[in-house]
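# Notes for the structure review
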Amino acid sequence: MTLALLSVLIILLACVADSSSPLFTRYDQKSYENAASHHSNSTATTDDEKHKWMARLAMKMEILNIEKQKIDENQRRRRWQRKKQQKNKKNEEEGSSSTSSSSSFDNLDDPNKCTTYLAPSSIPNSGLGMYTTVPYHKGDFFPLPEIGILLADKNAHYPAGGNNLLSQYPWGASVLSDGHLDVTDGSSIVPGLGMLANSHLGLVNMRHSDQWKIQCAKDGTASLSLEGLQSTTVNDAGRGSHTLHSRVLFDATKSIAVGEELFVNYGDEWFTFREDWIGVIPSADDYTTAEKKIEDALSKSDNLNDVGDNLSPDVYETLLEEAEKESKRLRAAFPDKVEDIPISFNEQEQRWIWDMSLARFSAPTSIQSIEWIESNGVCIDNIMVGTSTIPQAGQGAYATRTIGKGHVITTTPLITMEREQLQLWEEVDGDDLGIQTEKEDKVKELVGHQLLLNYCYGHVNSSLLLFPYSPSVNFINTAMSIEDANAEIRWSSYPYHKAELLNKSMKEMKEIKKTGLMFDIVATKDIKRGEEVLLYYGKDWEDSWAEHIEEWSSPSARDHTNITDTLAKPTSEDFNERRHPNSVIWTMSEQKIHPYPEHFETVCRFQPAKDVAEKCQENDEDNNVDGYCRVRWTLTLDTLYDHPCNVISRSSIDRSDWYTVRMTIEAKHYHVDYMPQYAIRLINKKYTKDHHARGVFREVIGLPEGLFPDHWMDLKEDDEKYIYQEL
């Protein structure tokens, strides 16, 4: 690296703290554009020279970004190492000899201290929330990674949709690595923080980690060696039966105090869409604006009788009326009474000082004492993810501390849903199925279920499903037999479990819009720290799995499944990580000679500038190529801007490969010059990953005998409404 480049790197590192933040991207982009503008106005004499110089500059900016990311990652790793050393030192002083088979347990400072609790939320009418008994610094990871489950084209397969309980919880597909590229219309279920944490837009302190945006597969997707996970090319009966997203991470957006409730950001639209149901909820900006308006009013002496006096009721009422005219959400950010404004005048400094923010004032109990949390809550960090000891199970749940027989391992709320919500349908001719219909001859055939079914509990003879969503609970696998299990499910003894719901009819349960049922997972044997927690999924599940293995091993297995043939073939990650001999991205013409596997496609990272579409409407030759809007690549690190593309050509500049590509984004066609190889990669085409295939294992997890109410058994084995539907 040249001395000049090193100097620029030092300056950038001094100015920017977090490479995953939007600020870092904006800073780099501005530097890139300013330097390019200066060069184009001074040294370059032709468009070709300008483009080549811009390409070289972009490559240098790319190097700076990668170096900065490495430094940030090393800093974060050193922080965790310091915590580990402190914990080991403490254990040595106390004579502790407790060990664990999973290095991930180092994220929990003290194996004898619960760090995360389920307790009543500080937000009125919001049920339960999550509280921490340890502090977080900005950027610290939440220590319990989660699964992410993709829901494929839910609206197409279940057009009834509606305001059901399941519809309250999905995130966008893009929170999972390449989720938005896996299906046409996707959403995602992320238990733990992604479902159990409430959202207060003014107090958000946790987020989906941005690490996956910089390095794809940070959440476990397509990894060949993540903690012993078997290669996705292995042709076994378990393919497609568990999610590939097994390491969804959250990190702190700010410092979090001991006893504070954990909040995530559902997004403004989530609240505005539900205003008729939950009322008007202020945004983070509304709280900030309200504080500024109060400060401005206090700064005007005409509004006060004397220095240090609060606003008069009349002045404050006028302020509220003005806020109401501006926005209902802004008005909701103000206290109703002037005497409730949490601000006081500091005589010594002669200025107004906020006792707490307006956001905190709206949820004053969002920071609780540890004593209150322990008295009113239940511990939910007794298990965490690790590689399962069960063949073909993927990940498993391991005890983070020793748990005695009969003690509760974890408590989890449940969402209820209809089995019909998870069914997958395909349009076929009725004659092919031997079905006579009164309408047209087209029917929808039931061809499978969403992957979410494998994580739901229930009964084979019931259309009601129960999905648990406390941290790590969905990693718990089944033992080979009931004797080998060390845990069982019971209805919860926690006071917030609404046992009266068990007496509701099926019709009433399907109409429920709020959670209420809860499970306790209880140890049936003494469980050591680091031991895998295992339930027994039941005889029906066991028989279904045995039948699936027999069918999968039959010579005709390929006749009833469309699973992608990846046996002994490189994965897209093999190509992207340069483990494959091919070190360049093939152009469209080269792919005729060197074709990629048919289930691969190229995606390019590109974010069009806002004024690009206007430029291309001018129809001049410089801005249009064969009907495509000609633009130059600009730097972005966010995989949300990855789009399917065709690679047209490749050229070498300063020993680096640069590409011309074509892509369509929101019905607009782009011809992009000088795209670096860093911005292009290979992924699986839509619907080619294992969990989309027919014939992969799907079965609801069974509950212990007598636990599931008899009056919820509403299905027969050959109920035709679960076989086909008339169009």
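That block above? That's the structure.
Per chain, the residues get numbers from 1 upward, laid out in the order the sequence is written. Only residues with pLDDT of 70 or above have their local features reported here, since the model is predicted, and side-chain atom pairs are shown and tallied only from 80 upward, although totals for entire chains, interfaces and linings are computed over all residues. Side-chain measures here rest on the full set of heavy atoms in the structure, leaving out hydrogens and waters.

## Side note on the overall build of the chain
Strands are runs of DSSP state E lasting at least 2 residues, helices are runs of H or I lasting at least 4, and numbering of each runs from the N terminus. What the chain contains, in helices and strands, is 20 helices and 32 strands. Expressed as a percentage of the 727 residues in the chain, the buried residues total 51%. Surface accessibility in these figures is a Shrake-Rupley result with a 1.4 Å probe; residues are shielded only by whichever protein chains are displayed. Surface exposure of the chain reaches about 35200 Å², of which carbon and sulfur atoms provide 48%. Partly exposed residues are those whose accessible area sits between 20% and 50% of the maximum for their type, while under 20% is buried and over 50% is exposed, using a 1.4 Å probe and protein chains only.

## Quick word on unusual backbone geometry
Residue Q350 is not a glycine yet carries a positive backbone phi of 55°. Positionally, Q350 belongs in the loop between β10 (343-346) and β11 (351-354). Residue Q350 is classed as partly exposed on the basis of its relative accessible area of 47%. Despite not being glycine, A667 has its phi angle at roughly 70°, a positive value. As for its placement among the helices and strands, A667 is situated in the loop between β28 (656-665) and β29 (668-676). Note on A667: relative accessible area 68%, which makes it exposed.

## Remarks on the sheet that holds strand β7 (residues 245-248)
Pairing between strands requires that DSSP locate at least two bridges from one strand to the other. Strands sit in the order β4-β5-β3-β7 across an open sheet of 4 strands; the sheet is antiparallel. Two strands in the sheet have a free side with no partner beyond their single neighbour: β4 (171-172) and β7. Direction of pairing for strand β3 (residues 146-152) relative to strand β5 (residues 186-189): antiparallel, over a ladder of 4 bridges. Bridging from a neighbouring strand, L150 pairs with S188 of β5.

## Regarding the packing of aromatic side chains
Centre distance within 6.5 Å is the pairing criterion for rings of Phe, Tyr and Trp, where only the six-membered ring of Trp is used; planes under 30 degrees apart are then read as stacked, over 60 as edge-to-face, and the remainder as tilted. This structure, assessed with the given rule, holds 17 aromatic pairs. With a centroid separation of 4.8 Å and an interplanar angle of 65°, the aromatic rings of Y266 and W270 are classed as edge-to-face. Y266 gets classed as partly exposed once you look at its relative accessible area, which sits at 22%. Joined through ring pairs, the aromatic side chains of W171, Y266, W270 and F271 make up one cluster. We note R605 situated over the ring of Y678; from NZ or CZ to the ring centre the distance is 5.9 Å. Whether a charge sits over a ring comes down to the Lys NZ or Arg CZ being within 6 Å of the ring centre and within 35 degrees of the ring normal. We note R662 situated over the ring of Y628; from NZ or CZ to the ring centre the distance is 4.7 Å.

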